[in-house]
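Each chain is listed here by its residues.
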Amino acid sequence: MANRERNKKILLELVKQPDNSRCADCGAPDPDWASYKLGVFVCLNCSGIHRSLSSRVKSIRLDFWEDELMEFMKSNGNGNARAYYEKAVPPYYYRPQHEDCAVLREQWIRAKYERMEFTGETKYPPLCYTTGFHEGMLWKKGKENTHFLKRKFVLSEREFTLAYFNKDNESKGPKAVISIKDLNATFQPEKIGHPHGVQLTYQEDNHTRNLYVYHESPEEIVTWYNAIRAARYAYLKTAYPTGSDEELMPKITRNYLKEGFMEKTGPLQKEPFKKRWFILDSQDRKLLYFKGQLDAEELGVVFIGTESNGYSVKECVPKSARGNKWKCGVSVETPNRQFVFMCEQEREQREWLDALRQVLSRPMAPQDYTTEANIRWKR
């Protein structure tokens, strides 16, 4: 019993050390578990992935730790493991955080400890990251329907393009060729209804275009995601030759700050309210709205500037209640127009207000003025 309490106390001291105070794999604070095969401290979610890899794990607080295991943990820890297993992680490779979806976290753990991709001593990482070329089949949602069909995709870093082909007409050339310049990829498992679902977004004829894809293999879909990131990184290095990795990393791909349904009325605020799916892209300062959450093209877009440029966000009560079922209003004031949106619940209203104010408070970059001008021109 004395050994049990002594070892538990040592473990609790070890996990307070800076390197060990966050999960070795996803960065979640205060990890409660440890792999005594690898010598790392991990959170509950990541411990389950380690267990599926036959990596022996124990609870720091609840399990009994033998003296030899305690010594192993003392001589290893997250810092030592990171120095070995993450020695050669490419700068563009996405390191998942604890809020990211399961497939990203699982494949990161498998890439590190099972496939040993980043020790610098094997054939990894996959060739498509270093050659700038990747091709294969992905399930893609139809533009006008909900059916997913297999389509061939080809990623070329040399051309800075992502192309896809219709299966029956592959000999006629690609159905679409997408520039890497405007391409974003983000995992959307819940929205797409598949654990490996990815949303690809790009610009086409001054419109935002969405593709929804997935692959049955978790390793393959994460490979596609990081291959796209590798190509985007190469493009950004060309477009911004003096940019540091620290400056370019956030631009490679991004998750959207907020998504969800709101009701929207027209410019006179007398038109009927209609339910729309909204996406707030904080990087481009765009609030996009769609008829449905899996639509291919947006119905419209609102630029979110700064207060000094005539933009503001506040709670509101609409002038007209025609057609709206929801009662929690959000007003977005722009130099040209006031937009009124209705949320179903106060919690959603607060989240939208907080997200919009976060964008509003950030100074505008030179490229933001170009985006603003293009959106005004479209109207």
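Use the structure listed above.
Residues numbered from 1 in each chain as written. Predicted model: local features only at pLDDT ≥ 70, side-chain atom pairs only at ≥ 80, totals over all residues. Heavy atoms only, no water.

Novice: It is not clear to me how the packing of aromatic side chains should be interpreted in this structure. Could you clarify?
Specialist: A ring pair, where both rings are aromatic, is described by two values, the distance of the centres and the angle of the planes. Tallying each qualifying case throughout the model produces 20 aromatic pairs. On the numbers, 6.1 Å between centres and 10 degrees between planes, the contact of W139 with Y214 is stacked. Of this pair, W139 sits in strand β4 (residues 133-141) while Y214 sits in strand β10 (residues 207-214); the two residues are 75 residues apart in sequence, bridging distant segments of the chain. Measuring from ring centre to ring centre gives 4.9 Å for F261 and W277, while their planes differ by 80 degrees; the resulting arrangement is edge-to-face. You can see F261 sitting in strand β11 (residues 258-264) and its partner W277 sitting in strand β12 (residues 274-281), a full 16 residues away along the chain. An aromatic cluster is present here, built from F278, Y289, F339, F341 and W352 joined pairwise through their rings. (Phe/Tyr/Trp six-rings, centres within 6.5 Å; stacked < 30°, edge-to-face > 60°. Helix = DSSP H or I, 4+ residues; strand = E, 2+ residues; numbered from the N terminus.)

Novice: Please explain helix α3 (residues 67-75) as it appears in this structure.
Specialist: Helical geometry: 3.6 residues make up each α-helical turn, so side chains three or four residues apart lie on a common side. Along α3, the residues classified as buried are L69, M70 and M73. For α3, the arc enclosing every buried residue in end-on projection is 100 degrees, short of the 170-degree limit, so these residues lie on one face. Where α3 ends, the next residue or the one after it, G77, has phi of about 95 degrees, a positive value. (Buried < 20%, exposed > 50% of the residue type's maximum accessible area, 1.4 Å probe, protein only. Arc of directions from axis to C-beta.)

Novice: How do you make sense of the pairing of β4 when you look at a structure like this?
Specialist: Residues in a regular strand project their side chains so that they alternate between the two faces of the sheet. Here nine bridges tie β4 to strand β5 (residues 148-156), and the two strands are oriented antiparallel to one another. Along β5, the bridge assignment pairs F133 with S156. Two successive antiparallel strands, β4 and β5, enclose a turn made up of six residues. The sheet contact formed by β4 and β10 spans two bridges and is antiparallel. Residue pairing for β10: W139 is matched across the bridge by Y214. (Pairing = 2+ DSSP bridges.)

Novice: Looking at this model, I keep getting lost on the pairing of strand β17 (residues 338-343). Mind explaining?
Specialist: When you tally the buried positions in β17, you get five out of six residues, the bulk of the element. Across two bridges, β11 lies against β17 in antiparallel orientation. What sits directly across from K264, in β17, is F341. What sits between strand β16 (residues 328-333) and β17 in their antiparallel hairpin is a turn of four residues.

Novice: Just checking my understanding: could you explain helix α8 (residues 218-239) for this structure?
Specialist: Taking 1.5 Å of rise per residue, the 22 residues of α8 would be expected to cover 32 Å, and the 31 Å separating its terminal C-alpha atoms lies within 8% of that figure. Counted residue by residue, α8 has 16 buried out of 22 residues, so it is predominantly covered. Among the residues of α8, the N-terminal cap falls to S217, whose side-chain oxygen and the backbone nitrogen of E219 are separated by 3.4 Å. (Expected span 1.5 Å × (residues − 1). Polar contact = N/O pair within 3.5 Å; in protein donor to acceptor, adjacent residues only side chain to side chain.)

Novice: How should the sheet that holds strand β1 (residues 33-35) be read in this particular structure?
Specialist: Whenever strands of a sheet pair, they do so through backbone hydrogen bonds, lying parallel or antiparallel. Across the sheet, which stays open at both edges, the three strands sit in the order β2-β1-β3 with antiparallel pairing between neighbours. Sheet topology places β2 (40-42) and β3 (57-59) at the edges, where each strand pairs with a single neighbour. Each strand axis lies, on average, 30 degrees off the axis of its neighbour in the sheet, ignoring direction. One ladder, built from three bridges, connects β1 with β3; its direction is antiparallel. Within β3, the residue paired with W33 across the bridge is S59. (Axes fitted to C-alpha atoms, helices over the stretch in contact; angles between N-to-C directions.)

Novice: Sorry if this is basic, but what is going on with the sheet that holds strand β6 (residues 161-165) here?
Specialist: Reading across from one edge, β7-β6-β5-β4-β10-β9-β8 is the order of the seven strands in this open sheet, with antiparallel pairing throughout. Every other strand in the sheet has two partners, leaving β7 (176-179) and β8 (184-187) as the edge strands with one partner each. Pairwise comparison of adjacent strand axes, ignoring direction, gives a mean angle of 35 degrees for this sheet. Pairing of strand β9 (residues 198-204) with β10 involves seven bridges; the strand directions are antiparallel. By the bridge assignment for β10, Q203 is matched with T208. Its contacts with the sheet put α8 on β4, β5, β6, β8, β9 and β10, and the angle it makes with β4 is roughly 120 degrees. (Contact = heavy atoms within 4.5 Å.)

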